[in-house]
Amino acid sequence: GSLRWERYESLFDPTGADGPFERVDKHVTWRAGLTYKPVPQLSLYAGAGTSVNPSIENMTQTNVREDLAALDPEKSRTYEIGAKWEGYGGRLLLNAAVFRTDKVNARTDGLPGEPATVLAGKQRVDGVELGVTGKLTANWSVIGSYSYIDSEIRESNDPAELGNRLRNVPDHSATLWTVYALPVGLEIGGGLGYVGTRYTNETNNREIGDYVTVDATLAYDLAPGTSLRLNVFNVFDERYIDQVGGGHFVPGPGHSAIATVAFAL
């Protein structure tokens, strides 16, 4: 287990706004875990912890509000149990986990007579994560992961939000990557990334469609200890939305490539 002391200090003094606003938050968070190995190849674990999310982080040069500056941080509790299994002489690693995160004082609109934003909401995220890492042959490696997230607004001052999913939280996401090393010092590989549907708001009336991106890699050993690698991202230039918030969205990056040379001194 561990304890962590966190301190957040912010000062906002934008031109033409009601300010300056200054706030300092101090909190102690904790984490604890337990691992049990019934057999050498299998590890079972359980963990729990807390975290805080300063409310003032939502303030920007163009969005400075006294009610946000006065809010305490949001607080969350997380619980997780899982298992890891290693077999075939270390050539295969499987992992699985289930988790729950509860935000116990989420930000929500204030009721009549209250500030514009209050900490009266509750949110929950339940999830499952699966992963596999393995070597199908001495030269062929595969890495894959999948996650399912069920998010829910459990309490809110806006009745239209109750029971809905959280904004910008995909229900399904997955990755699959494979790399093959040829005997001539050449390595080729590629991968897929999938992100499921999301909503742009808590009322769930604006939806973002799912998307798939493809990446690729190519490497060549120029000399012992020296290699040249080319990584190509979003090979087919998939158009997708990466982030949402503040009444706008940020598109995902288009196709790009990076070449690197690595060498040992």
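Thresholds, definitions, all that
Residues numbered from 1 in each chain as written. Predicted model: local features only at pLDDT ≥ 70, side-chain atom pairs only at ≥ 80, totals over all residues. Heavy atoms only, no water. Helix = DSSP H or I, 4+ residues; strand = E, 2+ residues; numbered from the N terminus. Buried < 20%, exposed > 50% of the residue type's maximum accessible area, 1.4 Å probe, protein only. Contact = heavy atoms within 4.5 Å. Areas by Shrake-Rupley, 256 points an atom, 1.4 Å probe, with all protein chains shown as cover. Salt bridge = Lys/Arg side-chain N within 4 Å of Asp/Glu carboxyl O. Polar contact = N/O pair within 3.5 Å; in protein donor to acceptor, adjacent residues only side chain to side chain. Patch = residues over 30% accessible without salt bridge, like charges linked within 9 Å, V, L, I, M, F, W, Y side chains within 5 Å. Phe/Tyr/Trp six-rings, centres within 6.5 Å; stacked < 30°, edge-to-face > 60°.

A.B. asks: Just to check I follow, could you spell out the overall build of the protein for this structure?
C.D. replies: A tally of helices and strands in the protein yields one helix and 16 strands. Counting across all 265 residues of the protein, residues that qualify as buried make up 30%. Restricting to contacts in the protein with at least 6 residues of sequence separation, those with at least 24 account for 51%. In the structure as shown, the protein presents an accessible area of about 16300 Å², 57% of it carried by carbon and sulfur atoms.

A.B. asks: Hey, could you run me through the pattern of salt bridges in this one?
C.D. replies: Opposite charge on two side chains allows them to pair when their charged atoms are near. Tallying each qualifying case throughout the model produces eight salt bridges. Among the salt bridges present, the one from Lys103 reaches Glu74, with a minimum N-O distance of 3.2 Å. Of this pair, Lys103 sits in strand β5 (residues 92–109) while Glu74 sits in strand β4 (residues 74–87), and the two are 29 residues apart along the sequence. Each member of the pair, Lys103 as well as Glu74, is classed as buried. Between Asp126 and Arg100 there is a salt bridge whose closest N-O contact spans 2.7 Å. With Asp126 in strand β6 (residues 117–135) and Arg100 in strand β5, this pair connects stretches of sequence that are 26 residues apart. The partly exposed category is assigned to Asp126, whose relative accessible area is 23%. Taken together, the shared-partner salt bridges connect Glu74, Lys103 and Arg107 into one network.

A.B. asks: For this particular structure, what's the right way to read the environment of Pro115?
C.D. replies: Following the sequence through the fold, Pro115 ends up in the loop between β5 and β6. Its relative accessible area of 47% is what places Pro115 among the partly exposed residues. Separated by 49 residues in sequence, Pro115 and Glu66 have C-alpha atoms that sit 9.1 Å apart. In contact with Pro115, other than residues within four places in its own chain, are Asp67 and Gly110.

A.B. asks: I would appreciate a short explanation of the side chain of Ser151 in the present structure.
C.D. replies: Tracing the chain through its elements places Ser151 in strand β7 (residues 140–155). Judged by its relative accessible area of 4%, Ser151 falls in the buried class. Among the polar contacts made by the side chain of Ser151, one reaches the main-chain amide nitrogen of Leu166 at a distance of 3.1 Å. Ser151 has contacts with Arg124, Val125, Asn164, Arg165, Leu166 and Val169, leaving out every residue within four places of it along the chain.

A.B. asks: Would you mind going over a nonpolar patch on the surface with me for this structure?
C.D. replies: Together, Leu136, Trp140, Tyr180, Leu182, Val184, Ile188, Leu218 and Leu230 give the surface a local cluster of nonpolar side chains, amounting to about 680 Å² of exposed area. Within the fold, Ile188 resides in strand β9 (residues 186–195).

A.B. asks: Mind showing me how you'd approach the side chain of Thr213 here?
C.D. replies: Relative to the assigned elements, Thr213 resides in strand β12 (residues 211–223). The residues contacting Thr213, other than those within four sequence positions of it, are Gly191, Leu192, Gly193, Asn234, Glu238 and Tyr240.

A.B. asks: I would appreciate a short explanation of the packing of aromatic side chains in the present structure.
C.D. replies: Working definition: an aromatic ring pair is given by the centre-to-centre distance plus the angle between the planes. Under the criterion given, the structure shown has two aromatic pairs. Both rings, one in Trp85 and one in Tyr88, keep their centres 6.3 Å apart while their planes meet at 90 degrees; by these two values the pair is edge-to-face. Here Trp85 falls in the partly exposed class, since its relative accessible area comes to 31%.

A.B. asks: Whenever I open this one, unusual backbone geometry confuses me. Can you help?
C.D. replies: One can expect most non-glycine residues to show negative phi and most peptide bonds to be in trans. Residue Tyr88 is not a glycine yet carries a positive backbone phi of 55 degrees. Tracing the backbone shows Tyr88 in the loop between β4 and β5. Owing to a relative accessible area of 59%, Tyr88 belongs among the exposed residues under this scheme. A positive phi angle is found at Asn234, which is not glycine, with a value near 50 degrees. Among the structural elements, Asn234 can be located in the loop between β13 (226–233) and β14 (241–245). Residue Asn234 is classed as buried on the basis of its relative accessible area of 5%.

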